[in-house]
Amino acid sequence: ALKVGDLDRNGFIQGPQFGSDKTRVDAFASIGTKSDAYTVQIRNISTAESVQFNVQQNLPPWVTVNPMFGSTPETLTITFDAAGLSMGSYSTQLFVDTTANVTNKPYGIELVLEVGPAALAPDPAGVNFIYYPCSTLDDLPERTITLDIGGTAGLNFRATLVEVPPSDAGQT
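Given the structure is predicted, the values throughout are model-derived calculations rather than measurements. (Residues numbered from 1 in each chain as written. Predicted model: local features only at pLDDT ≥ 70, side-chain atom pairs only at ≥ 80, totals over all residues. Heavy atoms only, no water.)

**Examining the pairing of strand S9 (residues 107–116)**
Then, number 1: Of all ten residues in S9, seven are buried, a share of seventy percent or more.
Then, number 2: For strand S2 (residues 24–30) and S9, the ladder comprises seven bridges, and the chain directions are parallel. Counted as the bridge partner of Arg24 is Glu110 from S9.
Then, number 3: Bridge count for strand S8 (residues 88–97) against S9 is nine bridges, and the pairing is antiparallel. (Buried < 20%, exposed > 50% of the residue type's maximum accessible area, 1.4 Å probe, protein only. Helix = DSSP H or I, 4+ residues; strand = E, 2+ residues; numbered from the N terminus. Pairing = 2+ DSSP bridges.)

Right, dumping it as structure tokens:
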């Protein structure tokens, strides 16, 4: 059966329409740190007029958006803070809204944060001193070594020196 209807009875609704260069932002941050900054370009994709907008303020505390309001075209800068978050995946929606007659308001952009482990990268990765022959610990010369510690920026850590037991320790 063929049904016929007036799909254009109300006419085509014209006007501004929000668009962006990304509809999803995938971010990564090591546990306890902040992510790099990510940008999203908000624009009016259907007319030449500039549209005032605001970012809805119901975002979780681990998301920061600047600016929170503006006029199209505008670049939003988004950062993620993994301080206080456990490792895992977090997601939310960023909504751009307006009081203007925009056909697709509020406009949503998905935000996904993956929180991963922090990393330490000592250089050199391991250190040892071998003395041969030696009769007592008092005869050993003092040695100094410098370690460069790289890895996750802003990470706090503690280092401990441990004495290695003699190779015959624990043998009877």
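**Topic: the environment of Val102**
Then, number 1: Counting through the fold element by element, Val102 comes out in the loop between S8 and S9.
Then, number 2: In this structure, the C-alpha to C-alpha distance between Val102 and Gly15, residues 87 residues apart in sequence, is 6.3 Å.
Then, number 3: Not counting residues up to four positions away in its chain, the partners in contact with Val102 are Pro16, Gln17, Phe18 and Val51. (Contact = heavy atoms within 4.5 Å.)

**Quick look at the pattern of salt bridges**
Then, number 1: One pass over the full model with this rule turns up three salt bridges.
Then, number 2: Residue Asp21 is joined to Lys22 by a salt bridge in which the shortest nitrogen-to-oxygen separation is 3.5 Å.
Then, number 3: A salt bridge links Arg24 to Asp26, with the shortest nitrogen-to-oxygen separation between them at 2.9 Å.
Then, number 4: Of the residues examined, Arg24 reaches a relative accessible area of 39% and is grouped as partly exposed.
Then, number 5: Its relative accessible area of 46% is what places Asp26 among the partly exposed residues.
Then, number 6: What emerges from the salt-bridge pattern is a single network uniting Arg24, Asp26 and Glu110. (Salt bridge = Lys/Arg side-chain N within 4 Å of Asp/Glu carboxyl O.)

**Notes on the environment of Gly15**
Then, number 1: Mapped onto the elements of the fold, Gly15 is located in the segment before strand S1 (18–20).
Then, number 2: Along the primary structure Gly15 and Ile45 are separated by 30 residues, whereas in three dimensions their C-alpha atoms are 9.8 Å apart.
Then, number 3: Those residues within four positions of Gly15 in sequence are excluded, and the remaining contacts are Ser46 and Thr47.

**A few points about a nonpolar patch on the surface**
Then, number 1: On the surface, Leu120, Val127, Ile145, Leu147 and Ile149 cluster together into a nonpolar patch covering about 410 Å² of accessible area.
Then, number 2: Along the chain, Leu147 falls in the loop between strand S10 (120–123) and strand S11 (148–151). (Patch = residues over 30% accessible without salt bridge, like charges linked within 9 Å, V, L, I, M, F, W, Y side chains within 5 Å. Areas by Shrake-Rupley, 256 points an atom, 1.4 Å probe, with all protein chains shown as cover.)

**As for the sheet that holds S8**
Then, number 1: Sheet architecture is open: five strands sit in the order S2-S9-S8-S4-S6, paired in mixed fashion. Among the strands making up the open sheet, the edge pair consists of S2 and strand S6 (69–71). Averaged over all neighbouring strand pairs, the angle between strand axes comes to 25°, with direction disregarded. (Axes fitted to C-alpha atoms, helices over the stretch in contact; angles between N-to-C directions.)

**Observations concerning the nonpolar core**
Then, number 1: Within the largest apolar cluster, 26 residues are counted, with the highest numbers of intra-cluster contacts made by Ile78, Phe80 and Leu94.
Then, number 2: For this core, the secondary structure elements donating two or more residues are S2, strand S3 (38–44), strand S4 (52–55), strand S5 (63–66), strand S7 (74–80), S8 and S9.
Then, number 3: Non-local contacts of Leu94, meaning those with residues more than four positions away in its chain, are made with Val55, Leu59, Val65, Leu76, Ile78, Tyr107, Gly108, Ile109 and Leu111. (Core = buried A, V, L, I, M, F, W, Y, C linked by side-chain atoms within 4.5 Å.)

**Regarding the sheet that holds S7**
Then, number 1: A sheet is described by the order of its strands in space; here four strands give the open sequence S1-S3-S7-S5, paired in antiparallel fashion. The open sheet is flanked by S1 and S5, the only strands paired with a single partner. Pairs of neighbouring strands in the sheet enclose a mean axial angle of 30°, with direction left out of account.
Then, number 2: Summarising the sheet, S5 and S7 pair through four bridges and their orientation is antiparallel. Of the residues in S7, the one forming a bridge with Thr64 is Thr79.

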